[in-house]
Amino acid sequence: MFKVLIVGNGIAGLSLAWQFEQCGVETHVIADARGARATGAAAGVINPVTGKRYAKSWRFEEHCQAAKDFYQSAERYFGQPFWRERPILRLLGSPEEANNWSRRAGMPEFGAFISDVQDAGPWSPFVHPGYYYGLIRQSAQIDFAAFTEQVVSYFEQKGRFRPGRYIFSSTGEYQGIFDAVVFCEGSAVATNPLFPNIPWQPTKGEGLLVEFQDTVLTTLLREKSNGQAFPMLKKDIVEKYVRKYSDENNQLTMPKQTLARLIYNENHGLFANVQAVR
């Protein structure tokens, strides 16, 4: 039987490992930590229209269906939901953005995916005034945390999950055991000595996750980065904190995520029904 070693236990490595396993390939996974890193913070959003120019995702129909089939197949195996179809509410910060959105919505290739809406719907209590709104359909959200946990547990039970780092000095040993080694290391690939001549430029983002309790928010919220990083708080409150924690060049003296947690901790009562901020 063909044997493969996957290096990395993020969504890329574990999805590939699970797909190999379903195809009859004996798959092993090695990672220096059980929990995934960037995957643990990923929103898992499948979005057909993205970016400030509202571009349609490349070959979206084909790729979205493949992803849906993949995750729903895993759902049937593990008996746990991973795939959830959810519309996205897009916040539009100016009349120009709203007009561009409306023009896109009128194009035949976009009509099935986006439209104008008059208000924020169930998000209205959490968004300060001044926005226009667009709705994205045929979008979805994947529970990456649940999926990766189930796949790691599967390989642990099979005795084919190896905690620890890939030892590059032992590459010859690995090659004697496995027919192929696949690196799915995320940003760590930049320090992989097997690929010294590839100009990697790995990037990482940051996110604010707010968990609501006893609310019905079936629509995802999406805002283009336009300087307003905290759309759920009144603008004057955010501006007060931004001024307080900015230097003489008007640059924040701490990461946005740290500032968001500070704002939350000091204004807890303003977040109605908020259970936690991570």
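Look above for the structure.
So, here's what we can say about the structure. Quantities reported herein were computed from a predicted structural model and do not represent experimental measurements. (Residues numbered from 1 in each chain as written. Predicted model: local features only at pLDDT ≥ 70, side-chain atom pairs only at ≥ 80, totals over all residues. Heavy atoms only, no water.)

### Structural notes on the overall build of the protein
Part 1: A count of helices and strands for the protein gives 8 helices and 15 strands.
Part 2: A total of 278 residues make up the protein; the buried ones form 38% of that total.
Part 3: Here the analysis covers contacts within the protein between residues at least 6 apart in sequence; of these, 70% occur between residues at least 24 apart.
Part 4: Carbon and sulfur atoms form 51% of the exposed surface of the protein, whose accessible area is close to 16000 Å². (Helix = DSSP H or I, 4+ residues; strand = E, 2+ residues; numbered from the N terminus. Buried < 20%, exposed > 50% of the residue type's maximum accessible area, 1.4 Å probe, protein only. Contact = heavy atoms within 4.5 Å. Areas by Shrake-Rupley, 256 points an atom, 1.4 Å probe, with all protein chains shown as cover.)

### Brief notes about helix α3 (residues 60–78)
Part 1: The terminal C-alpha atoms of α3 lie 27 Å apart, and with 19 residues this matches the ideal 27 Å at 1.5 Å per residue to within 8%.
Part 2: Those residues of α3 that are buried lie in contact with α1 (11–22), β3 (45–46), β5 (55–56), β6 (83–85), β10 (140–142) and α5 (144–157). (Expected span 1.5 Å × (residues − 1).)

### Observations concerning the sheet that holds β3
Part 1: Across the sheet, which stays open at both edges, the 3 strands sit in the order β3-β10-β6 with antiparallel pairing between neighbours. Only two strands of the sheet have a single neighbouring strand rather than two, namely β3 and β6.
Part 2: Here 3 bridges tie β6 to β10, and the two strands are oriented antiparallel to one another. By the bridge assignment for β10, Trp-83 is matched with Ile-142. (Pairing = 2+ DSSP bridges.)

### A few points about α1
Part 1: Here α1 spans 16 Å end to end across 12 residues, near enough to the 16 Å set by a 1.5 Å rise per residue.
Part 2: Residues Ile-11, Gly-13, Leu-14, Ser-15, Ala-17, Trp-18 and Glu-21 constitute the buried set of α1.
Part 3: In this fold, the buried residues of α1 make contact with β1 (3–7), β2 (26–31), α2 (38–41), α3 and α5.
Part 4: Within two residues after α1, Gly-24 carries a phi angle of roughly 85°, on the positive side.

### Description of the side chain of Thr-148
Part 1: Within the secondary structure, Thr-148 is located in helix α5.
Part 2: Excluding residues within four positions of it along the chain, Thr-148 makes contact with Ile-11, Leu-14 and Thr-39.

### Brief notes about the environment of Pro-95
Part 1: Within the fold, Pro-95 resides in helix α4 (residues 95–105).
Part 2: Each C-alpha atom of the pair Pro-95 and Tyr-132 lies 7.5 Å from the other, and the pair is 37 residues apart in sequence.

### Some remarks on the sheet that holds β2
Paired through backbone hydrogen bonds, the strands of a sheet run either parallel or antiparallel to each other.
Part 1: Read from one edge to the other, the open sheet built from 4 strands follows the order β11-β2-β1-β12, with strand pairing classed as parallel. The two strands at the open ends of the sheet, each matched to only one other strand, are β11 (161–163) and β12 (180–183). For this sheet, the mean inter-axis angle between neighbouring strands, taken without regard to orientation, is 20°.
Part 2: In terms of strand pairing, β1 meets β12 through 4 bridges, oriented parallel. Residue pairing for β12: Ile-6 is matched across the bridge by Val-182. (Axes fitted to C-alpha atoms, helices over the stretch in contact; angles between N-to-C directions.)

### Focus on unusual backbone geometry
Part 1: In this model, Tyr-54 sits at a positive phi of 55°, which is unusual for a non-glycine residue.
Part 2: Within the secondary structure layout, Tyr-54 lies in the loop between β4 (49–50) and β5.
Part 3: A positive phi angle, near 60°, is found at Gln-138, a position not held by glycine.
Part 4: Its location among the elements puts Gln-138 in the loop between β9 (132–136) and β10.

### Topic: the pairing of β2
Part 1: In terms of burial, β2 is largely enclosed, as 5 of its 6 residues are buried.
Part 2: When β1 meets β2, the two strands line up parallel, connected through 5 bridges. Across the sheet, Val-4 pairs through a bridge with Thr-27, a residue of β2.
Part 3: For the segment spanning β1, α1 and β2, crossover handedness is right-handed.
Part 4: Of the pairings in the sheet, the one linking β2 to β11 comprises 3 bridges and is parallel in character. In the strand pairing of β11, Ala-31 is matched with Pro-163. (Right-handed = clockwise from strand over helix to strand, strands pointing away.)

### A short note on the pattern of salt bridges
Two side chains carrying opposite charge are able to pair once their charged atoms lie near each other.
Part 1: Inspection of the entire model under this criterion finds 6 salt bridges.
Part 2: A salt bridge links Lys-3 to Glu-26; the shortest N-O distance between them is 3.8 Å. Pair noted here: Lys-3 is in strand β1 and Glu-26 is in strand β2, with a separation of 23 residues, a long-range link.
Part 3: Here Glu-26 falls in the partly exposed class, since its relative accessible area comes to 23%.
Part 4: Of the charged contacts in the structure, one is a salt bridge between Arg-165 and Asp-32, with a shortest N-O distance of 3.3 Å. Pair noted here: Arg-165 is in the loop between β11 and α6 (171–177) and Asp-32 is in the loop between β2 and α2, with a separation of 133 residues, a long-range link.
Part 5: Taking relative accessible area as the criterion, Arg-165 reaches 65% and is therefore assigned exposed. (Salt bridge = Lys/Arg side-chain N within 4 Å of Asp/Glu carboxyl O.)

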